[in-house]
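# Structural overview for review
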Amino acid sequence: MNVLIFGSNGFLGKELNQLLKTANHSTYTVSRSKDDAAFKVDISNSKDFENLPLNFFDVVINCATVLPGGDYLDNDFLDRIYKTNILGTQNICKWIEGQNTIRKIINCSTLAVVKKPWPIELNENVNTYPTGRHVLYSFSKLGQELLFDTFANFNDIIVSHVRFSALYGKNMISSGIITNIIDQIKKTNNIQLTNASKVNADFLYVEDAARIIAALIENNFDGVINGATGTETSILQLAEIIKKNFKDQSIKILNTEDQNFLEDRAVICIENLKKIIDINTFSSLEEGIKKMIS
């Protein structure tokens, strides 16, 4: 099959591209900023799609995204997230509408579309209305899902949304709790945390995220699927694992607990995921952190 990857120079896109090179597919990459992609396309500009061939691709994978980080009242962040996550999605749909060969879309989404506190277990059928400081990112990714779903329903196309949990791995950008802890160790030899025993996440190594997408290429799964390990880890446990991999007994973990803080759980249902891939082959958090630090 001919597979087209939007966002191929991003954290997940690069990993996916490397993986698919070893599979029985012809893979083509799209990026707006790098010259090493097969096609240079800014997905917020509909005219750039004229650079892509007609009636050639079988599967489209969307890894292009603006990640969380900007404040919900930040106009510049709103502009960037709209152009990529919303307008870019619409332009991808408009381009696919002019093709005769594309029958499957795989969209990289996020569990952040679900309003917290998450139910236990969090499955794919929960109704969601995201709020919080990441609301711009959350509603843009939910809007992305709805755009692809509406388009696919009108055009008889399979669409799979992978709602990934907390992705991590080599070459990740310096943001999020893992890189924060590592930076603290490098700067102060201490790890300062708050409510770390009560805040939990499901950490998924980027190589395993790419393998989930690769499995979906071969599968006719239609709908939302949780991309996670099914293992809940507290931030305090995460800090202990990172400390262990630095092999420095002088590192101190300083955690302040607020007795009134409600526990933030991350119990993710992965029964649908188990139907398409063997999760027993996923990297454990300790294995993934070791790879990342080394």
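Before reading further, recall that the structure is shown in the block above.
The paragraphs below set out a description of the structure included in this document. (Residues numbered from 1 in each chain as written. Predicted model: local features only at pLDDT ≥ 70, side-chain atom pairs only at ≥ 80, totals over all residues. Heavy atoms only, no water.)

## Focus on the packing of helix α4 (residues 177-188) against helix α6 (residues 235-246)
For the pair α4 and α6, the least separation of the axes is 10 Å and the interaxial angle reads 50°. In terms of their interaxial angle, α4 and α6 are classed as oblique. Relative to α6, α4 is oriented so that their crossing is right-handed. Contact residues: I177, I178, I181, I182 and I185 in α4; I235, L238, A239, I242 and F246 in α6. Each residue belonging to the contact of α4 with α6 can be placed in one class, and the counts come to 10 nonpolar, no polar and no charged. (Axes fitted to C-alpha atoms, helices over the stretch in contact; angles between N-to-C directions. Helix = DSSP H or I, 4+ residues; strand = E, 2+ residues; numbered from the N terminus. Parallel < 35°, antiparallel > 145°, perpendicular 65-115°, else oblique. Left-handed = near helix turned anticlockwise from the far one by under 90°. Contact = heavy atoms within 4.5 Å. Nonpolar A, V, L, I, M, F, W, Y, C, P; charged D, E, K, R; others polar.)

## Details of the nonpolar core
Formed by 39 residues in total, the largest nonpolar core has its most connected members in L12, I61, F164, I212 and L273. Elements with a contribution of two residues or more to this core: β1 (2-6), α1 (11-20), β4 (59-62), β5 (104-110), β6 (158-164) and α5 (206-217). Counting residues per element, this core draws most heavily on α5, which supplies 9 residues. Setting aside chain neighbours within four positions, we find L273 in contact with I212, I225, N226, G227, A228, I279 and F282. Counting 22 residues, the second-largest nonpolar core is a separate cluster that includes F49, F57, V60 and I157. (Core = buried A, V, L, I, M, F, W, Y, C linked by side-chain atoms within 4.5 Å. Buried < 20%, exposed > 50% of the residue type's maximum accessible area, 1.4 Å probe, protein only.)

## Description of the pattern of salt bridges
Tallied over the entire structure, the rule returns 9 salt bridges. Residues K116 and D264 are paired through a salt bridge, measuring 3.4 Å at the closest nitrogen-oxygen approach. Of this pair, K116 sits in the loop between β5 and α3 (135-155) while D264 sits in the loop between β13 (252-256) and α7 (271-274), and the two are 148 residues apart along the sequence. By relative accessible area, which is 19% here, D264 ends up buried. (Salt bridge = Lys/Arg side-chain N within 4 Å of Asp/Glu carboxyl O.)

## Brief notes about the environment of G70
Checked against the element boundaries, G70 lands in the loop between β4 and α2 (75-97). For G70, a relative accessible area of 15% gives the class buried. Residues G70 and H134 lie 64 residues apart in sequence; the distance between their C-alpha atoms is 7.7 Å. When neighbours within four sequence positions are excluded, G70 is seen to be in contact with F77 and R133.

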